[in-house]
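Working through the structure, step by step
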Amino acid sequence: MSAFEKPQIIAHIQKGLNYTVFDCKWVPCSAKFVTMGNFARGTGVIQLYEIQHGELKLLREIEKAKPIKCGTFGAASLQQRYLATGDFGGNLHIWNLEAPDIPVYSVKGHKEIINTVDGIGGLGIGEGAPEIVTGSRDGTVKVWDPRQKDDPVANMEPVKGENKRDCWTVAFGNAYNQEERVVCAGYDNGDIKLFDLRNMSLRWETNIKNGVCSLEFDRKDISMNKLVATSLEGKFHVFDMRTQHPTKGFASVSEKAHKSTVWQVRHLPQNRELFLTAGGAGSLHLWKYEYPVQRSKKDPEGVDMGVAGSVSLLQNVTLSTQPISSLDWSPDKRGLCVCTSFDQMVRVLIVTKLKTV
Amino acid sequence: MTSTSKAVELQLQVKQNAEELQDFMRDLENWEKDIKQKDMELRRQSGVPEEVNLPPIRNGNFRKKKKGKVKESSKKTKEENTKNRIKSYDYEAWSKLDVVSCSELDNAISVLSQNSEERGKSDCNLAIALNRNYAKAYARRGAARFALQKLEDAKKDYEKVLELEPNNFEATNELRKINQALTSKENAYPKGAAPVIASAEGEKKQVGEQQSRQQAILEKDLGNGFFKEGKYERAIECYTRGIAADGANALLPANRAMAYLKIEKYEEAERDCTQAISLDGSYSKAFARRGTARTFLGKINEARQDFETVLLLEPGNKQAVTELSKIKKELIEKGHWDDVFLDSTQRHNVVKPIDNPLPLGSTKPLKKVIIEETGNLIQTVDVPDSTTAAAPETAAGLASKKNSSQGDLLPSSDTPRAKVLKTEEISDTSALQPQVSLKQGGYPSPSEISRKVEQTPAQLVTSVLPPTPANSFQLESDFRQLKSSPDMLYQYLKQIEPSVYPKLFQKNLDPDVFNQIMRILHDFYMEKEKPSLIFEILQRLSELKRFDMAVMFMSEPEKKIARVLFKHIDKSGLKDDSVEELKKRYGG
């Protein structure tokens, strides 16, 4: 591919913030996004921005007692678009951004900080009940149903006596019908665990040697296809999730992407073969996954095993000197993207030529 | 590639990219407009989500069942319960797919879902969905379908069971029955499997045991079926057969008790519950049912204790809470409201032991743990300590016995430690007089007793005479410990001076303890002690705050004991007004 056919990544709008920002998310069906973080005075903040003719307009600023680490709209309906957040105190809240004084749902879900949250069943994405999964430093991964107060509907924690690992990332997937659903969790020691919520069992686990910073299925609402896991030390792994071998598990391909931690991975909602990784040095890499000729083959015993494809770098760009900690594609506009970095900046990015890739 | 063509390419690229970006920007403007409109529309719907048919909350069924499971499982503490309950929390158990918990769930299904077979069936479906290889679920579904007269389906289920577990006895039996039913087209329910059992004779003893256990479960399921249909007598028959087959299953008597409750045979229900409790001391449902039975039988106090036990076993049990409040209301109506409140507060401080049946429980005797503030001890100690010459010996003896457990023997009474202890044993001289005088009555002197006591621990470790109690909790617990040996109880009671009763009991005279004291007076004091001492004890007891309440709870035999005691006092010539008055207070 010649240079001019490559997609370009352009910082469309940049804005400095007066707080440390941890996460950002597009509000579905709008030109708005939220940023979440903590003020220097130790309180939490949610800001709602809207793009208005190439400018960012702050619509709302909500201050809360505890710093907010992560958020998702994944379990909310399009009509409500409630934001679920996890904070430093281990609380899971669901906010109505129109009336943010009192949370719609509130639970002290974990003993320690909630590092990560993911939602499913809302926004018309994924079959089945709306559910939120949280992963925390206390080592547990809990699944919540906003219709049930106080108690999680599922709780995955290490057995007594086993070391508690800091859970850094969680992701829903496989929600292609009302029953099926999986939760994938990544831990600081490099463990990746795949929990089957239908059978309530651990379906698969592996270790990628370095702490797992981010996990994402290419789609949540299809039968598991691909899973990308990014890690400390700059590597990421793409697992082919279609074929599970009884002993070898899922086939994977790994790529050394950034020179430092790969903080985030996000698949393009309009094309699941493309994904963007955000690196520790403030760089963004756009990747394309190419499937092998045959996605599965027989091993010597005649059991199906997966075959991993390959990844190719489409574009990379360095935006900041500090790590880019969060990244979100607009679900509504192809090529529109927002990211935040630890230099307290929020950037709206434009990625061109995604249609032709 | 030449440098000129490179430059051209670069130019082209730059131009194209600029165009692309401009296109995108224009596009973005349009999109912005569109999406804002869409956004506004969504907002105008004011957050009312579309009506969608959402699946139920995950594990919701499981959650409901969980309650029943807790009751059934013989675990002592709530924490332990939660630990054992959802093993599915930990990875290892998850990967194994916890069949144990499934079986518990299944148990819960069979006992709890007392509404209809339909529900039982759907529960089984759920279990099957959870684990396709779970033969038991198939068996249960088969039973449910059988009861629903879906013979063909039931047959399929049992065949599936046999496929999974080729040696499953129950399935073979049931299949035979279904086949019989199919051929004869009789709609009658299976009339127990006794003949089938007989046909299965000649098999090994172990197999037989297993069979009888299975038989019991079968009967239980059958009984549950009848119960759900409201045919309580038939259910009772089934349960009775089940008990005969497997006497160690606590569920059977508990279920039979429920059936008895339904047909208002409360005495039988109470007896069955007691049996269930003796089989499984942590089976809170049995306690709850016994409580219900006892309420109907008018044994309010015992009922209250049962419900309190339920609450201990299962904090927050709604039935127990409502029943307790009902009982309390009843007591308040009768004018004993202070008793109600005092008693309930007192109970908070006591962690009651759980009586497990011998094979299930640990071999060590369970101890009641008393939680109290240490300040209380000092309070009881400040008794005048004028002691007679004979007393220190006793005190020292007892004290040394007490201290021997701590490793430092204090043979002489001149250390301050011993003095403090001594004051616990002997309060004042005047009160001691009757005791001293009774030495001539042929019974060994206190010092002899203490020496005896010192000897006994070596031989009988379990029946060590406890020291005099510092408060009523201790007294109650000691009483319970010594329950099995009335003689020890007598000696124990004897070391407590009647004059310290008010201090000892304060406001907590438990009717049970009271009745026990009466019995001891009757069984031992009448024979071995002077009537004047009995009289004094009775009088001291009557001065206690909750005495009237305790008298109210006296049963007929206990009242008889009181009458006999007073007759005894009368005979000894102590008859005067004070005795008459006391007699009246004791309901005589």
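Residues numbered from 1 in each chain as written. Chains lettered and ligands numbered in written order. Predicted model: local features only at pLDDT ≥ 70, side-chain atom pairs only at ≥ 80, totals over all residues. Heavy atoms only, no water.

1. Quick word on the pattern of salt bridges
Residues and elements named next belong to chain A. In this structure the tally under the stated criterion is 39 salt bridges over all chains. Across the pair Glu216 and Arg266 runs a salt bridge whose closest N-O atoms are separated by 3.7 Å. On the criterion of sequence distance, the pair formed by Glu216 in strand S18 (residues 212-217) and Arg266 in strand S22 (residues 262-268) is long-range, its members being 50 residues apart. The same class applies to Glu216 as to Arg266, namely buried. (Salt bridge = Lys/Arg side-chain N within 4 Å of Asp/Glu carboxyl O. Helix = DSSP H or I, 4+ residues; strand = E, 2+ residues; numbered from the N terminus. Buried < 20%, exposed > 50% of the residue type's maximum accessible area, 1.4 Å probe, protein only.)

2. Describing the interface of chain B and chain A
Contact residues are listed per partner, giving 42 residues for chain B and 61 residues for chain A. Taken together, the links from chain B to chain A amount to four salt bridges. The salt bridge involving Lys32 of chain A is made with Asp39 of chain B; its shortest N-O contact spans 2.9 Å. Scanning the region where chain B abuts chain A turns up nine residue pairs in polar contact (both at pLDDT 80 or more). Mapped onto the side of chain B that touches chain A, the elements with two or more residues apiece are helix H1 (3-44), helix H4 (91-96) and helix H6 (117-130) of chain B. (Contact = heavy atoms within 4.5 Å. Polar contact = N/O pair within 3.5 Å; in protein donor to acceptor, adjacent residues only side chain to side chain.)

3. Describing the sheet that holds strand S8 (residues 91-95) of chain A
Hydrogen bonds along the backbone pair up the strands of a sheet, which may run parallel or antiparallel. Residue and element names in this part refer to chain A. The antiparallel open sheet is built from four strands, whose spatial order is S6-S7-S8-S9. For this open sheet the edge positions go to strand S6 (68-72) and strand S9 (105-108), each flanked by a neighbour on one side alone. For this sheet the average axis-to-axis angle between neighbouring strands, irrespective of direction, equals 20°. Sheet analysis places strand S7 (residues 83-87) next to S8, joined by four bridges and oriented antiparallel. The residue of S8 that forms the bridge with Gly86 is Leu92. (Pairing = 2+ DSSP bridges. Axes fitted to C-alpha atoms, helices over the stretch in contact; angles between N-to-C directions.)

4. Quick look at the packing of aromatic side chains
Geometry of an aromatic ring pair is reported as the spacing of the ring centres plus the angle between the planes. Using the criterion set out here, one finds 19 aromatic pairs over all chains in the structure. An aromatic cluster is present here, built from Phe514, Phe547, Phe566 and Tyr586 of chain B joined pairwise through their rings. Over the face of the ring belonging to Phe172 of chain A we find Arg181 of chain A, whose NZ or CZ atom lies 5.8 Å from the ring centre. Across from the ring centre of Phe24 of chain B, 5.1 Å away, lies the NZ or CZ of Lys333 of chain A, which sits over that ring. (Phe/Tyr/Trp six-rings, centres within 6.5 Å; stacked < 30°, edge-to-face > 60°. Lys NZ or Arg CZ within 6 Å of the ring centre and 35° of its normal.)

5. Considerations on helix H30 (residues 556-574) of chain B
Between its first and last C-alpha atoms H30 of chain B spans 25 Å; for 19 residues at 1.5 Å apiece the expected length is 27 Å, and the two agree. Here the buried face of H30 of chain B lies against helix H27 (511-528), helix H28 (531-542) and helix H31 (577-585) of chain B. (Expected span 1.5 Å × (residues − 1).)

6. What about the nonpolar core?
Among the nonpolar cores identified, the biggest contains 41 residues, and Phe505, Phe514, Met518, Tyr525 and Leu538 of chain B are the most heavily contacted of them. Where this core is concerned, the elements lending two or more residues are helix H24 (472-482), helix H25 (486-494), helix H26 (501-505), H27, H28, helix H29 (547-552), H30 and H31 of chain B. The element contributing the most residues to this core is H27 of chain B, with eight residues. For Met518 of chain B, the contacting residues outside a window of four places in its chain are Leu538, Met554, Ile561, Ala562, Leu565 and Tyr586 of chain B. The next biggest cluster of nonpolar side chains, apart from the first, holds 22 residues, and it includes Phe33, Ile51, Leu336 and Val338 of chain A. (Core = buried A, V, L, I, M, F, W, Y, C linked by side-chain atoms within 4.5 Å.)

7. Some words on the UniProt feature "repeat: WD" (unreviewed entry) in chain A
Those residues carrying the UniProt feature "repeat: WD" (unreviewed entry) are residues 132-145 of chain A in this numbering. When the span residues 132-145 of chain A is considered, its composition is 0% helix and 64% strand, and the gap between its end C-alpha atoms is 6 Å. (UniProt positions renumbered as here; feature names shortened; annotations may be inferred.)

8. A few points about the UniProt feature "coiled-coil region" (unreviewed entry) in chain B
UniProt marks residues 14-41 of chain B with the feature "coiled-coil region" (unreviewed entry), using the numbering shown here. Between the C-alpha atoms that bound residues 14-41 of chain B there is a distance of 40 Å. The span itself is 100% helix and 0% strand.

9. Here's the deal with helix H17 (residues 318-333) of chain B
At 3.6 residues per turn, the α-helix brings residues three or four places apart onto the same side. Residues and elements named next belong to chain B. The end-to-end C-alpha distance of H17, which contains 16 residues, comes to 22 Å, matching closely the 22 Å that a straight helix rising 1.5 Å per residue would cover. Of the residues making up H17, those classed as buried are Ala320, Glu323, Leu324, Ile327 and Leu331. In a view along the axis of H17, the buried residues occupy a sector of 100°, so they form one face of it. Seen from the open side of H17, the exposed residues pointing more than 90 degrees away from its buried face are Lys318, Lys326, Lys329 and Glu333. (Arc of directions from axis to C-beta.)

10. Quick notes on the sheet that holds strand S29 (residues 336-341) of chain A
Read from one edge of the open sheet, four strands run S1-S30-S29-S28 (chain A), paired in antiparallel fashion. With one partner strand each, in any of the chains shown, strand S1 (9-16) and strand S28 (324-329) of chain A form the two edges of the open sheet. Within this sheet the neighbouring strands show an average axis-to-axis angle of 20°, counted without direction. Bridging between S29 of chain A and strand S30 (residues 345-351) of chain A involves six bridges; their strand directions are antiparallel. Directly across from Thr340 of chain A, in S30 of chain A, lies its bridge partner Val346 of chain A. Across the face of the sheet, H1 of chain B comes into contact with S1, S29 and S30 of chain A while running at roughly 110° to S30 of chain A.

11. Examining the environment of Pro103 of chain A
With respect to the element layout, Pro103 of chain A can be found in the loop between S8 and S9. Apart from residues lying up to four places away in sequence, Pro103 of chain A is in contact with His93, Ile94 and Trp95 of chain A.

12. Some details on the pairing of strand S23 (residues 271-279) of chain A
All names here are of chain A. Among the nine residues that make up S23, eight are buried, leaving the element largely enclosed by the rest of the structure. With six bridges connecting them, S22 and S23 associate as antiparallel partners. Each bridged residue has a counterpart across the sheet, and for Arg266 the counterpart in S23 is Leu276. What sits between the antiparallel neighbours S22 and S23 is a turn of two residues. In this sheet, strand S24 (residues 283-290) lies alongside S23 in antiparallel orientation, the contact comprising five bridges. Across the sheet, residue Phe275 finds its bridge partner in S24, namely Trp287.

13. Describing the side chain of Gln47 of chain A
All names here are of chain A. For Gln47, the position within the fold is in strand S4 (residues 44-52). Of the residues examined, Gln47 reaches a relative accessible area of 2% and is grouped as buried. Polar side-chain contacts of Gln47 include one of 2.6 Å to the side chain of Glu61. Look past the residues within four positions of Gln47 in its chain and what remains in contact with it is Leu17, Tyr19, Phe33, Val34, Thr35, Leu58, Arg60 and Glu61.

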